[in-house]
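Structural overview for review
Residue strings, one per chain:
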Amino acid sequence: MGFRELREFMVSTQLVPRGIKDERVLNAMRKVPRHLFVDESIQNKAYDDMALPISEGQTISQPYMVAIMTELLELKGNEKVLEIGTGSGYQAAILAELSKEVYTIERVDVLAQNAEERFLSLGYTNIHVKVGDGTLGWPEEAPFDRIMITAATPKIPDVLMEQLSEEGIIIAPVGDRFSQQLLKCTKSSGKYSDEYHTPCIFVPLIGKYGWQQEDI
Ligand code: SAH
């Protein structure tokens, strides 16, 4: 099977049967070349039903996790989105297919650089990358219509809540170091409502309002 067929197979065996319904999300997953976001030596595993190592001890999430987190953001196409934890850049590329502008923050310099090169070579001009502590958000660009944290956090940092638009949605894996649950928090008329979704395991969010390096 070529990569295009592998993507189609991934969508029909991993995403649709588990309940991903948003056609725009399914189409983005059919389109974005996930194999170009991992090391050449593991490209043949890029469409398997699992998370994969990138460098610096970090991981690219399982396709289903990327799909469900994206679906929960309810993107229509005109949103300004903030992602914390650029990693390989794959999730940011999916978001860029479905929204207007994506701002993504990565604490590890070399990961941010590699992701930026991928965005350039794939022609994504609506993704903006910053190296730094994402737990502080990106105040110069706030507010954001949607925020996605792609690293495990003990709670959603208040600063990020403050950078969310009225009628905004934020999604994050919230829990302890070794097990979390996806939390979707919706802001509406100044009130917040929380919904818990699937259990998950992410690498830790390390920063001022996440875990401290020495706790890891
Ligand atoms: N979304 C990525 C996967 C994220 S893995 C993808 O599609 O490939 C989690 C990433 O969050 C790692 O790259 C890690 O370095 C980064 N990270 C952890 N704490 C962070 C922080 N405080 N700010 C920004 N990035 C952080």
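Turning to helix H2 (residues 23-31), its buried residues number three or more, namely Val25, Leu26, Ala28 and Met29. Buried residues of H2 fall within an arc of 160° about the axis and therefore sit on the same side. Tucked inside the fold, the buried residues of H2 contact helix H1 (3-15), helix H3 (63-72) and helix H4 (90-98). At the N-terminal end of H2, a side-chain oxygen is found 2.9 Å from the backbone nitrogen of Arg24, two or three residues along, and the residue is Asp22.

With that out of the way, let us pick up the site of the ligand. Near the ligand there are 27 residues, and of these Ser88, Glu106, Asp133, Gly134 and Ile206 occur at the shortest range. The side chain of Ser88 places a nitrogen or oxygen atom 2.6 Å from an oxygen atom of the ligand. One of the backbone nitrogen or oxygen atoms of Gln91 is found 3.0 Å away from an oxygen atom of the ligand. Burial of the ligand by the surrounding chains reaches 99%, relative to a free accessible area of 580 Å². Counting only elements with at least two residues in the shell around the ligand, the list comes to strand E2 (59-60), strand E3 (80-84), H4 and strand E4 (101-106). A breakdown of the residues in the shell around the ligand according to their chemical character gives 11 nonpolar, 12 polar and four charged.

Tracing the backbone through its elements, the reader meets Asp49 in the loop between H2 and strand E1 (52-53). Judged by relative accessible area, Asp49 falls into the partly exposed class, the value being 34%. Here the alpha-carbon distance between Asp49 and Thr125, two residues 76 residues apart in the chain, equals 29 Å. Setting aside its immediate chain neighbours within four residues, Asp49 contacts Gln14, Arg18 and Gln62. At a separation of 2.6 Å, a polar atom in the side chain of Asp49 contacts the side chain of Arg18. There is a polar contact of 3.0 Å between the side chain of Asp49 and the side chain of Gln62.

A separate point is the sheet that holds strand E5 (residues 127-131). Sheet strands pair by backbone hydrogen bonding; their relative direction is either parallel or antiparallel. Taken together, the seven strands give an open sheet; going across it, the order is E5-E4-E3-E6-E7-E8-E9, and neighbouring strands pair in mixed fashion. Looking at which strands have only one partner, the edges of the open sheet turn out to be E5 and strand E9 (191-200). In this sheet, adjacent strand axes meet at a mean angle of 15° when their direction is disregarded.

The next subject is the packing of aromatic side chains. Per the stated rule, a full pass over the model turns up four aromatic pairs. Ring centres 6.1 Å apart and planes at 50° place the aromatic pair Phe3 and Tyr47 in the tilted group. In this pair, Phe3 is assigned in helix H1 and Tyr47 in the loop between H2 and E1, connecting sequence segments 44 residues apart. Given the relative accessible area of 4%, Tyr47 is considered buried. An angle of 85° between the planes, with centres 5.2 Å apart, marks the rings of Tyr103 and Trp138 as edge-to-face. Linking Tyr103 in strand E4 with Trp138 in the loop between E5 and strand E6 (144-149), this pair joins segments that are 35 residues apart in sequence. Of the two residues, Tyr103 and Trp138, both sit in the buried class. For the cation-ring pair, Arg18 lies above Tyr64, with the distance from its terminal atom to the ring centre recorded as 5.2 Å. Over the ring of Phe144 we find Lys80, and its NZ or CZ is 5.8 Å from the ring centre.

In this structure, Ser88 sits in the loop between E3 and H4. The exposure class assigned to Ser88 is buried, which follows from its relative accessible area of 6%. Within the structure, Ser88 has its side chain in polar contact with the backbone nitrogen of Tyr90 (distance 3.1 Å). In contact with Ser88, other than residues within four places in its own chain, are Phe37, Ile54, Ile60, Ala115 and Arg118.

Cut-offs used in this document
- Residues numbered from 1 in each chain as written.
- Predicted model: local features only at pLDDT ≥ 70, side-chain atom pairs only at ≥ 80, totals over all residues.
- Heavy atoms only, no water.
- Buried < 20%, exposed > 50% of the residue type's maximum accessible area, 1.4 Å probe, protein only.
- Helix = DSSP H or I, 4+ residues; strand = E, 2+ residues; numbered from the N terminus.
- Arc of directions from axis to C-beta.
- Contact = heavy atoms within 4.5 Å.
- Polar contact = N/O pair within 3.5 Å; in protein donor to acceptor, adjacent residues only side chain to side chain.
- Near = heavy atom within 4 Å.
- Areas by Shrake-Rupley, 256 points an atom, 1.4 Å probe, with all protein chains shown as cover.
- Nonpolar A, V, L, I, M, F, W, Y, C, P; charged D, E, K, R; others polar.
- Pairing = 2+ DSSP bridges.
- Axes fitted to C-alpha atoms, helices over the stretch in contact; angles between N-to-C directions.
- Phe/Tyr/Trp six-rings, centres within 6.5 Å; stacked < 30°, edge-to-face > 60°.
- Lys NZ or Arg CZ within 6 Å of the ring centre and 35° of its normal.

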